[in-house]
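# Close look at the chain arrangement
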Amino acid sequence: TMTLNKYSQLEETKIIFNSLLSLLPEEFITENVSKIKFENDSNNLIVPCPLKQTETISALKGLEALVALKLAQERFGSNDGTCKIDLEHALLFLFSTYCSSVDGFFKTDKKEVLKYLKPTDLNQAQSDPYRRMSANLYRTKEKDRFYHIHGSLDATTCLEMIGLPAFIPGLEDYDKIVDIYQEKLDQFTVDELEELNTKNKQAGVEALKPDVFLQTKHGATISKVPPFEVETLETSTPKIEFAATSSSRKILDGVKVLELCRIIAGPTIGKILAEYGATVIKVTSDDTLPDVPFFQVDANMGKHTTNLNLKDPNDRLEFEKLLKDADVVIDGYRKGAIEKLGYGPTKLTQLGIERGKGYIYGAENCFGFVGEWSGRPGWQQIADCASGVAWVQGLSMGKNEPMVPPFPMSDYGTGCLGAIAIMLGIYKRHKYGGSYLCTSSLVQYDLLLLKQGQYPEELWKSQILLNDKYKEFTKIRYYDSVDKISKTALDAMIAQRPGLLNNAQYFVKQESKGFGATISTLKPVCQFDTIETGYRCSSRPNGYDAPEWW
């Protein structure tokens, strides 16, 4: 164990990075590993989470860079350049949406920023404070067990299931809302909630301790799976050369991506591919699929967005036109949902063979793609509660209760894992032909994170628990909303590091016609000297463009 002043985020990042190298094929490592340069050893903890989020995501960005360098060698014949990864920049990536602003307004400026956003919160599951709290952690009838219900983007099903009214007009008092829910949840056991959830197809899970999760059937299965996987679907289609493009040094120039995702993890995969030059179209259906309005500011950078309802015959024809030319499909829905619509890996494998050019199918979900819970719905908080991350967070705050960590960090971490897998798929198709299934999940990111252990207790205590700037954060309780947890954490972090969200070297400002404003978002984390990264277009709301390749 390291003594207090000996702990180094930089050294720890390198240790984690080296331990992850075995996830990549040998040829990605040997000649390139020395080109990855980690920097900015601040050694001050900023995010009040006891798990090594900064170090883990920085190490994962290192893997992403190794795959990028290999693609550059394949595509441009040589690549002598290095890649710099700044630890603080990588950390900001884990809460990108909180770093983004529209005309200077952030996610936390709810009232001011609203006028710029497209109203995609169709069911008022986000905007109505009472309905919002249907996605939250509560104590159950068994006092030492806690359950995260999740009304997700709908809320009504969840509320009616536990016997609460779908709407209580005018109720905005935070504490009163918490009391209403807690009083109700005190009447249910965990087993009763599980049964209701299954019957109503709701996301929801008990907050488990890490060792308890690993003892469940699902935990035992998924913990044996690596953080991401690339599986060969067919090998009969030919190798695919990279598109002949201009003098661009973007490794994914000419790669066409259809993104069937919403919220954060899936769109982050698409955004990373867009950073490397891919042409990405995000496909959503505004009339039928709600989405969180503010998340689109950051998540839609570098993409076009279009509306297609894949249950509508005419829209399906439009989608199939796009599909003819696509290289990659990203699926961010529950396992089997896109398959049911007729566009899953099975169908695409067949289409790939018919057109003589394989597909790369990237899929991410909450629980993974094997194991008894793989078909369960879920979001970031659900993964964090199931895997044990929430209990680790709560216990580290000196409380005998779970607590969802600040920010959707497992969402962004999963986005990075998914992008690495897809880039490996692109490499394999170029080298050997075929079609590939690339998978990852929120729980797999959490397991990877938990494996790295916690910060030394002395460091955690002195820098977070006993640090005056984090005083408000130490008062957070299990029932506090994700919004309150994240805002309180962010306020403390900015007090600790005043320039955190306006360090020009980490951000890019662009005019956005779609939002009618100047938006500021995070630059790509991997900074190469011979590979070009960046965004081909500014962000726009969902459903902004015609359904055509651009």
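Residues numbered from 1 in each chain as written. Predicted model: local features only at pLDDT ≥ 70, side-chain atom pairs only at ≥ 80, totals over all residues. Heavy atoms only, no water.

### As for the pattern of salt bridges
The full count for this structure, using the stated rule, is 27 salt bridges. Of the charged contacts, one joins lysine 271 and aspartate 298 as a salt bridge, the two residues approaching to 2.5 Å between their closest N and O atoms. Here aspartate 298 lies in helix α13 (residues 295-299) and lysine 271 lies in helix α12 (residues 265-275), a separation of 27 residues in the sequence. Pair check on accessibility: lysine 271 and aspartate 298 agree, each one buried. (Salt bridge = Lys/Arg side-chain N within 4 Å of Asp/Glu carboxyl O. Helix = DSSP H or I, 4+ residues; strand = E, 2+ residues; numbered from the N terminus. Buried < 20%, exposed > 50% of the residue type's maximum accessible area, 1.4 Å probe, protein only.)

### Quick notes on the pairing of strand β11 (residues 303-307)
Most of β11 is tucked away: four of the five residues are buried. Strand direction decides the pairing type here: strand β10 (residues 279-284) and β11, joined by five bridges, are parallel. The residue of β11 that forms the bridge with threonine 284 is asparagine 307. (Pairing = 2+ DSSP bridges.)

### Overview of helix α19 (residues 409-432)
Given a rise of 1.5 Å per residue, 24 residues ought to cover 34 Å, and the 35 Å separating the end C-alpha atoms of α19 matches this to within 8%. Most of α19 sits inside the fold, with 21 of its 24 residues counted as buried. Glycine 433 lies just past α19 and shows a positive phi near 80°. (Expected span 1.5 Å × (residues − 1).)

### Regarding the sheet that holds strand β15 (residues 507-512)
Pairing within the open sheet is antiparallel, and its four strands lie in the order β4-β3-β16-β15. The sheet is open, and its two borders are formed by β4 (105-106) and β15, each paired with just one other strand. In this structure, strand β3 (residues 101-102) lies alongside strand β16 (residues 517-522), joined through two bridges in antiparallel fashion. Bridged to valine 102 within β16 is isoleucine 519.

### Details of helix α17 (residues 380-387)
Across the eight residues that make up α17, a large majority, eight, are buried. The set of residues buried in α17 consists of Gln380, Gln381, Ile382, Ala383, Asp384, Cys385, Ala386 and Ser387. Phi turns positive one or two residues past the end of α17, at glycine 388, with a value near 110°.

### Examining the packing of helix α14 (residues 313-325) against helix α16 (residues 345-355)
Remark: α14 packs on α16, axes separated minimally by 10 Å, with the N-to-C direction vectors making an angle of 60°. In terms of orientation, α14 and α16 fall into the oblique class. Every pair of crossing elements has a handedness; the one defined by α14 and α16 is right-handed. Along its contact with α14, which presents Leu323, Lys324 and Asp325, the element α16 presents Leu348, Leu351 and Arg355. (Axes fitted to C-alpha atoms, helices over the stretch in contact; angles between N-to-C directions. Parallel < 35°, antiparallel > 145°, perpendicular 65-115°, else oblique. Left-handed = near helix turned anticlockwise from the far one by under 90°. Contact = heavy atoms within 4.5 Å.)

### What about the packing of α12 against α19?
Here α12 crosses α19 at 50°, and the two axes come no closer than 7 Å. Comparing the axis directions of α12 and α19 gives the class oblique. Like other packed secondary-structure pairs, α12 and α19 cross with a definite hand, here right-handed. Taking contact as the criterion, the partners of Ala265, Thr268, Ile269, Ile272 and Leu273 in α12 are, on α19, Asp411, Tyr412, Thr414, Gly415, Cys416, Gly418, Ala419, Ile422 and Met423. Partitioning the contact of α12 with α19 into residue classes produces nine nonpolar, four polar and one charged. (Nonpolar A, V, L, I, M, F, W, Y, C, P; charged D, E, K, R; others polar.)

### A closer look at the packing of aromatic side chains
One pass over the full model with this rule turns up 16 aromatic pairs. Taken together, a centroid distance of 5.7 Å and an interplanar angle of 90° make the contact between tyrosine 7 and tyrosine 455 edge-to-face. A residue pair is termed long-range when its members are at least 10 positions apart, and tyrosine 7 in the segment before α1 (9-20) and tyrosine 455 in the loop between α20 (442-451) and α21 (457-465) qualify at 448 residues. The pair tyrosine 7 / tyrosine 455 is uniform in exposure class, with both members buried. Residues phenylalanine 213 and tryptophan 373 carry aromatic rings whose centres are separated by 6.3 Å and whose planes lie at 40° to one another, so their mutual orientation is tilted. Taken as a pair, phenylalanine 213 in helix α10 (residues 210-215) and tryptophan 373 in the loop between β13 (360-365) and α17 lie far apart in primary sequence, 160 residues in all. Both residues of the pair, phenylalanine 213 and tryptophan 373, count as buried. For lysine 209, the ring lying beneath its charged end belongs to tryptophan 391, and the centroid distance is 4.4 Å. If you follow arginine 355 out to its NZ or CZ, it ends over the ring of tyrosine 359, 3.7 Å from the centre. (Phe/Tyr/Trp six-rings, centres within 6.5 Å; stacked < 30°, edge-to-face > 60°. Lys NZ or Arg CZ within 6 Å of the ring centre and 35° of its normal.)

### Here's the deal with the state of the cysteines
Among covalent bonds in proteins, the disulfide is the one between the sulfur atoms of two cysteines. By the definition in use, this model includes zero disulfides. Unpaired in this structure, cysteine 99 has its nearest cysteine sulfur neighbour in cysteine 416, at a distance of 16 Å. Residue classification places cysteine 99 among the buried residues on the basis of a relative accessible area of 1%. (Disulfide = S-S within 2.5 Å.)

### Examining unusual backbone geometry
For residues other than glycine, phi is negative in most cases, and the peptide bonds are mostly trans. Residue alanine 155 is not a glycine yet carries a positive backbone phi of 80°. In this structure, isoleucine 263 is a non-glycine residue whose phi angle is positive, near 65°. Locating isoleucine 263 in the fold gives a position in the loop between β9 (256-260) and α12. For isoleucine 263, a relative accessible area of 10% gives the class buried.

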